[in-house]
Amino acid sequence: MDVPTVALIVVIGLAGALVWASLYNTVVGRRNAVDNAFSSIDVMLKRRTDLIPNLVASVKQYMRHEASLLERITSLRNTAVSPVSTSEQRFQAEGLLFGALGHLRIAMDAYPNLRANDHIQQLQAVLYETEEQISAARRAFNATVLDYNNAVDMFPYKVIANMNNFQRRAYFEIPEADRQNVDVGKLFA
Amino acid sequence: MLRPFHAILPELRRELADLERLRAALYQKVIHGWLKVAGSVVIGGALTAMCLWLKWGVVVPFILISAVWTIASAWTSDIVAPRATYVVEFKRRFIAPIAQSIGDGLRYAPNRMVFPKLYAASAIFQPSPDRYGGEDRLEGVIGKTYVQMSELHTEYKTTSKDSKGRKRTTWHTIFKGLFIHADFHKNFHGHTLVRPDFAERTFGILGRAIQKRSPGGNRLVQLEDPEFEREFVVNATDQIEARYILTPNMMRRMLEVRRKFNAPVTFSFIHSSLFIAVPLDRNLFEPRFGTSLFDEQYLRGYYEQINSCVGIVEALGLNVRIWGKE
């Protein structure tokens, strides 16, 4: 084989390696972005679980008729922070907490004493803010998952993904029960 | 917020009647001013022609100077000044009372504009202006939201030398229109910039690819609302913070504001403040000299202008304060 042919083969080989490396780095970069976004949700969820004991303790004395709802919230919160809970159990508990806290907010409207209590109003405001931030973190996470899943599914990244066993990731979704509209009538039945 | 037009109008009837009398008198003065100008031109021209025909050339300069002097004084005192007086009185007696009835009483300053430091703080425009002008500033608290807004015209200059080496200065408009600063209802630390999306609307997917690769410190944020994505391009220092600000509800509201103004609106969210730039080719709150103030439809037009400006607070839900910021 003459020198120009060898040189051409080397150049093509190098170019191919560069393209492969670029594609690989893109897929890895997107996967890392998903992990990073997931950790942001984690931080926000932890903040919310830290707020719950304070909120429950503050409203308990006023909301004697809502004892079962408050117990459920406390139980879900404990599951979410328990070191023995699996990841699945933890995220199921976090998801169910969305709905339970929503019910609590509606129930609190029936207690005028709570509306006049500055400390509770402040807690509620912080909780709203935290839930809004969780929602934002969740949306950011889902955007990174979309980007990553597109890479795993679409050519030419799909070739790299299959060679390295990169799998699709699941979106962070709200549990079905929480997506249903709250029946206010049932709360006060 | 702003009371209905039919509730405000009866309270202003007396002022409007006085203003209408003033307008009519000033309008007559303007008519006389134009007659003086026309008369000066005709008489000056006729006298000049006659003198030239009679070979009295030496008199012509005096005729021309007299004619020019009459035209100039008629122009300033009988045409320009009455208009200026009317504009001042219209804004003082009609616009200002309406502004004072909004919220805790908005302060209206017809000759003032948004503070230059707020314009700079918005981080919307480049370069820094060499000339900063504006008028019709409204400032105060609406509900729980502090606002400051005015018309602005900012320009930068470039200098060049012509073929004969003479220095030439050219002025270029950076922004001309309505500029609004409002206290946002959530706390945040970074910067999220929402600009009109020309690239995606013009070039589709290719446009979006171009945006992703655009230089600049802020990263592109892609959001879930397809209509919002078609209208706007979003760059932010923090992806999560951008979504914390731009909730699905907020995106819908921003689209509504854009539709209402029918102009390429820019929103800048920076350090818990909101800045909005609405480019406009018309002058707000400027009365038409020849239109009677008994024309309710005409007056309603100015009411709607004020309503559009201050209505942004409600349109974006800025008075909903449930996220820990008072």
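Residues numbered from 1 in each chain as written. Chains lettered and ligands numbered in written order. Predicted model: local features only at pLDDT ≥ 70, side-chain atom pairs only at ≥ 80, totals over all residues.

**Notes on the overall build of chain A**
Worth spelling out the cut-off: Per the convention used, a helix needs a DSSP run of H or I reaching at least four residues, while a strand needs a run of E reaching at least two, with both numbered from the N terminus. It is over C-alpha atoms that the radius of gyration is taken, and the globule rule equals 2.2 Å times the number of residues to the power 0.38. To assign burial, the other C-beta atoms lying within 10 Å of each residue's own C-beta are counted, with C-beta atoms placed from the backbone; 20 or more indicates buried, 12 or fewer indicates exposed, and intermediate counts indicate partly exposed. Contacts are defined on C-beta atoms placed from the backbone: any two residues whose C-beta positions lie within 7 Å are in contact.
Within chain A, the regular secondary structure consists of eight helices and zero strands. Taken over the C-alpha trace, chain A has a radius of gyration of 25 Å; the compact-globule value for 189 residues is 16 Å, which it surpasses by more than 25%. Projecting the C-alpha coordinates of chain A onto the three principal axes gives extents of approximately 90 × 30 × 30 Å. When the 189 residues of chain A are sorted by exposure, 22% land in the buried category. Across chain A, contacts joining residues at least 24 apart in sequence account for 78% of those joining residues at least 6 apart.

**Remarks on the interface of chain B and chain A**
For an interface, size is often stated in terms of accessible area lost upon the parts coming together. So the rule is basically this: When residues are grouped by polarity, Ala, Val, Leu, Ile, Met, Phe, Trp, Tyr, Cys and Pro land in nonpolar, Asp, Glu, Lys and Arg in charged, and all others, Gly among them, in polar.
At the interface, nine residues of chain B touch twelve residues of chain A. Each residue belonging to the side of chain B that touches chain A can be placed in one class, and the counts come to four nonpolar, three polar and two charged.

**Some details on the nonpolar core**
For the record, the criterion: Take the buried Ala, Val, Leu, Ile, Met, Phe, Trp, Tyr and Cys residues, join any whose C-beta atoms are within 7 Å, and the set you get is a nonpolar core. Residue ranges labeled as domains rest on an automatic or database domain assignment.
Core analysis: the largest hydrophobic core is formed by 73 residues, its most contacted members being Ala99(B), Met149(B), Phe179(B), Ile180(B), Val234(B), Ile276(B) and Val310(B). Residues from two domains meet in this core; each of domain 1 (5-100) and domain 2 (107-315) of chain B gives at least three. Filtering out sequence-adjacent residues up to four positions away, Ile180(B) remains in contact with Val147(B), Met149(B), Phe275(B), Ile276(B) and Ile312(B). Core analysis: the next-biggest nonpolar cluster, separate from the first, contains 14 residues, Leu55(A), Leu70(A), Leu76(A) and Ala93(A) among them.

**Quick look at helix α2 (residues 13-53) of chain B**
Note the threshold: In this scheme, a helix's expected span is set at 1.5 Å multiplied by one less than its residue total.
Relative to the 60 Å expected for 41 residues at 1.5 Å per residue, α2(B) spans 59 Å between its end C-alpha atoms, a close match to the ideal helical length. Looking one or two places after α2(B), you find Lys55(B), whose phi comes out positive at around 60°.

**Looking at the confidence of the model for chain A**
Keep this limit in mind: Residue-level confidence of the predictor, termed pLDDT, takes values from 0 up to 100.
Model confidence for chain A is summarised by a mean pLDDT of 82, while 90% of its residues fall at 70 or above. Counted against residues more than four places away or in other chains, residues 177-189 of chain A, with its pLDDT under 50, gives 13 contacts.

**Describing the domain arrangement of chain B**
All names here are of chain B. When cut into domains, chain B gives domain 1 (5-100) and domain 2 (107-315). Each of domain 1 and domain 2 has a C-alpha centre, and these two points are 36 Å apart. Tallying the contact residues gives 16 residues for domain 1 and 15 residues for domain 2. Counting residues per element, the ones that place at least two in the side of domain 1 that touches domain 2 are α2 and α3 (60-100). No other element matches the ten residues that α3 contributes to the side of domain 1 that touches domain 2.

**Concerning the pairing of strand β4 (residues 167-183) of chain B**
Consecutive side chains along a regular strand alternate between the two faces of the sheet. Residues and elements named next belong to chain B. How we decide: Strands were regarded as paired on the criterion that DSSP finds at least two bridges between them.
As judged from the 15 bridges shared by strand β3 (residues 145-161) and β4, these two strands associate in the antiparallel manner. Residue pairing across strands places Val-147 opposite Ala-182, the latter belonging to β4. Connecting β3 to the antiparallel partner β4 that follows it, the hairpin turn spans five residues, and Gly-165 within it adopts a positive phi of roughly 80°. Note: β4 against strand β9 (residues 273-279), seven bridges, orientation antiparallel. Paired with Ala-182 across the strands is Leu-274, a residue of β9.

**Section: helix α2 (residues 67-81) of chain A**
Residue and element names in this part refer to chain A. The condition that has to hold: For this quantity, the arc is that covered by the directions from the helix axis to the C-beta atoms.
The first and last C-alpha atoms of α2 sit 21 Å apart over 15 residues, in line with the 21 Å expected at 1.5 Å per residue. Leu-70, Ile-73, Leu-76, Arg-77 and Ala-80 are the residues of α2 that are buried. When α2 is viewed along its axis, its buried side chains cluster within an angular range of 125° and face the same direction. Across from the buried face of α2, at angles greater than 90 degrees, the exposed residues are Ala-67, Ser-68 and Glu-71.

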